[in-house]
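# Descriptive analysis of the structure
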Amino acid sequence: MPLSVKGTLLLNEDPRSVKKAAKIIKNGGLVAFPTETVYGLGAAANDAAAVARIYKAKGRPADNPLIIHLSDFDQLKMVARDIPDKAFHLANCFWPGPLSLVLFRAEKIPALVSAGLASIAVRMPDHRIALELIRLSGFPIAAPSANRSGRPSPTSYRHVIEDLNGRIDAVIKSNTCTVGVESTVLDLTRDKPVILRPGGVSKENLELALGETVFISGLSKKDATPRSPGMKYRHYSPDARLILVTGSQSRRYNVIKALANRYLKLGLKVGYLNFKLESSLNSRISPEQMASTLYSSMRRMDQQGIDIILAEEISPEGLGLAVMNRLKKAATRILHAG
Ligand code: TXA
Ligand code: MG
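Quantities reported herein were computed from a predicted structural model and do not represent experimental measurements. (Residues numbered from 1 in each chain as written. Chains lettered and ligands numbered in written order. Predicted model: local features only at pLDDT ≥ 70, side-chain atom pairs only at ≥ 80, totals over all residues. Heavy atoms only, no water.)

## A short note on the domain arrangement of the protein
To keep it simple, the criterion reads: Either an automatic procedure or a domain database provided the assignment from which the domain bounds are taken. By the convention used here, residues are in contact when the closest approach between their heavy atoms is within 4.5 Å. Defined here as a combined quantity, buried area equals the accessible surface (1.4 Å probe) lost by two parts on assembly, summed across both. Think of a salt bridge as a Lys or Arg side-chain nitrogen and an Asp or Glu carboxyl oxygen that are within 4 Å of each other.
Each assigned domain of the protein is listed here: domain 1 (3-216) and domain 2 (241-336). If you average the C-alpha positions of domain 1 and of domain 2, the two centres end up 28 Å apart. Listed per partner, the contact involves 23 residues of domain 1 and 16 residues of domain 2. Buried area between domain 1 and domain 2, summed over both chains or domains, comes out near 1,500 Å², and the portion from carbon and sulfur atoms is 56%. Measuring nitrogen to oxygen at the nearest pair gives 2.9 Å for the salt bridge that ties Arg299 to Glu162.

## Describing the sheet that holds strand E16 (residues 333-336)
The following threshold applies: Two strands are counted as paired when DSSP detects at least two bridges linking them. Runs of H or I in DSSP of at least four residues are treated as helices and runs of E of at least two as strands, each being numbered from the N terminus. For helices, the axis comes from a line fit to the C-alpha atoms of the stretch in contact; other axes are also lines fit to C-alpha atoms, and the angle between any two N-to-C directions lies between 0 and 180 degrees.
Pairing is parallel across the open sheet formed by four strands, whose spatial order is E14-E15-E13-E16. Only two strands of the sheet have a single partner each, and these edge strands are strand E14 (270-273) and E16. The average angle at which neighbouring strand axes cross in this sheet is 25°, direction not considered. In the sheet, E14 pairs with strand E15 (residues 308-312) via four bridges, with the strands oriented parallel. For Gly271, the partnering residue across the bridge sits in E15 and is Ile309. Along the sheet, helix H9 (residues 287-303) makes contact with strand E13 (241-246), E14 and E15, crossing E14 at roughly 170°. Along the sheet, helix H10 (residues 320-330) contacts E13, E14, E15 and E16; its crossing angle with E13, the most-contacted strand, is approximately 130°.

## Observations regarding the site of ligand 1
Here is the rule we go by: Only heavy atoms are used to decide nearness, and a residue is near a molecule or strand if one of them lies within 4 Å of it. Counting of polar contacts relies on pairs of N or O atoms within 3.5 Å, with two restrictions inside protein: one atom must be capable of donating a hydrogen and the other of accepting it, and residues adjacent in sequence are counted only when both atoms are side-chain atoms. We get accessible surface area from the Shrake-Rupley algorithm with a probe of 1.4 Å; when it comes to residues, only the shown protein chains can shield them. Under the grouping applied here, Gly and all other residues not named as nonpolar or charged are polar, the nonpolar ones being Ala, Val, Leu, Ile, Met, Phe, Trp, Tyr, Cys and Pro and the charged ones Asp, Glu, Lys and Arg.
Around ligand 1, a shell composed of 27 residues is seen, among which Thr37, Arg60, His69, Ser183 and Arg197 lie nearest. Within the side chain of Asn64, an N or O atom sits 2.9 Å from an oxygen atom of ligand 1. Coverage of ligand 1 by the protein chains reaches 97% of its 680 Å² of free accessible surface. The leading source of residues in the shell around ligand 1 is strand E7 (residues 119-123), at four residues. Broken down by class, the residue content of the shell around ligand 1 amounts to 13 nonpolar, nine polar and five charged.

## Observations concerning the confidence of the model for the protein
Residues shown with low pLDDT carry predicted positions that ought not to be read at fine detail. Short version of the rule: Each residue carries a pLDDT score, the predictor's own confidence in it, on a scale running from 0 to 100.
With 91% of its residues at a pLDDT of at least 70, the protein reaches an overall mean of 92. Every residue in residues 221-225 scores below 50 in pLDDT, and together they form two contacts with partners more than four places removed in sequence or on other chains.

Printed below as a string of structure tokens:
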């Protein structure tokens, strides 16, 4: 795919280029950088004007807060206050890594970073370039995923260019977002820890580390208003229509085959997620593999002009919970095969 880059600087991963990226951030600019989950679109977390430009570049609704990225454990106290022991414990267990903790916001962090909320989400990414960029820019970096609002998150610099070319100052070139889905967002501002968004760290591992039950927001009827504002928007969507097929394995298989035949006869282009027509039922890919290729597969199918994506339910264990969450949000239709 040829890249035409107007106005957005393409930087390599070498130390000099990362230093240049840090300088752009220090001067109030926006830089897209790789993390172990997806690409982030970064600005200095203490620069309200730069943070405002992030919302504008992405077309992001003003009520959807960003995540603050740290390179050093000591920086936690710069961005949060009244930090509970549980937060330090979880940070020790999972950082650097794909876990964002929701804590009370420190005064010096502009309200815009968290869309006016009294809390902030914070994590330390497990990625050499991201850590070096934050360290060299001298302050934690506020960053949402580096996609246009509503599009699948980018896992390669090419995806960032597709969405944000000319709207941001620079992109660090990399293809190293190995987890492939975003971080788990865990709210620690209430009595009980609650997952606001499932992601790269599983509920099972959080429960093992905490020795208590971890709840998932939105599962009970009482929790009707989303506590993670970002979760109310249609998200992660390819241009193609995505049909998610749930139910028992053999019935799913038959329904997907029947749907594929129907659409192919109509002359439509059909793509598959986590499903191979020619393979046996037992040769499906793992939730980790599914997560790491989910968004790039959606984007590739859009590039190929696929009309209908048929996606198959996977078990919601481990990373499967995050994959199912994203598939449900991307789906134009969920079909229960029985
Ligand atoms: O892996 C990731 O989390 C990536 C990389 C770049 O770190 N970032 C990412 O950011 O996915 P974004 O902006 O696409 O998603 C942030 C999520 C949203 O659902 C937002 O609502 C939630 O975190 N969030 C952020 N701050 C929050 C807060 N104070 N309270 C509740 N939810 C919050
Ligand atoms: Mg996002």
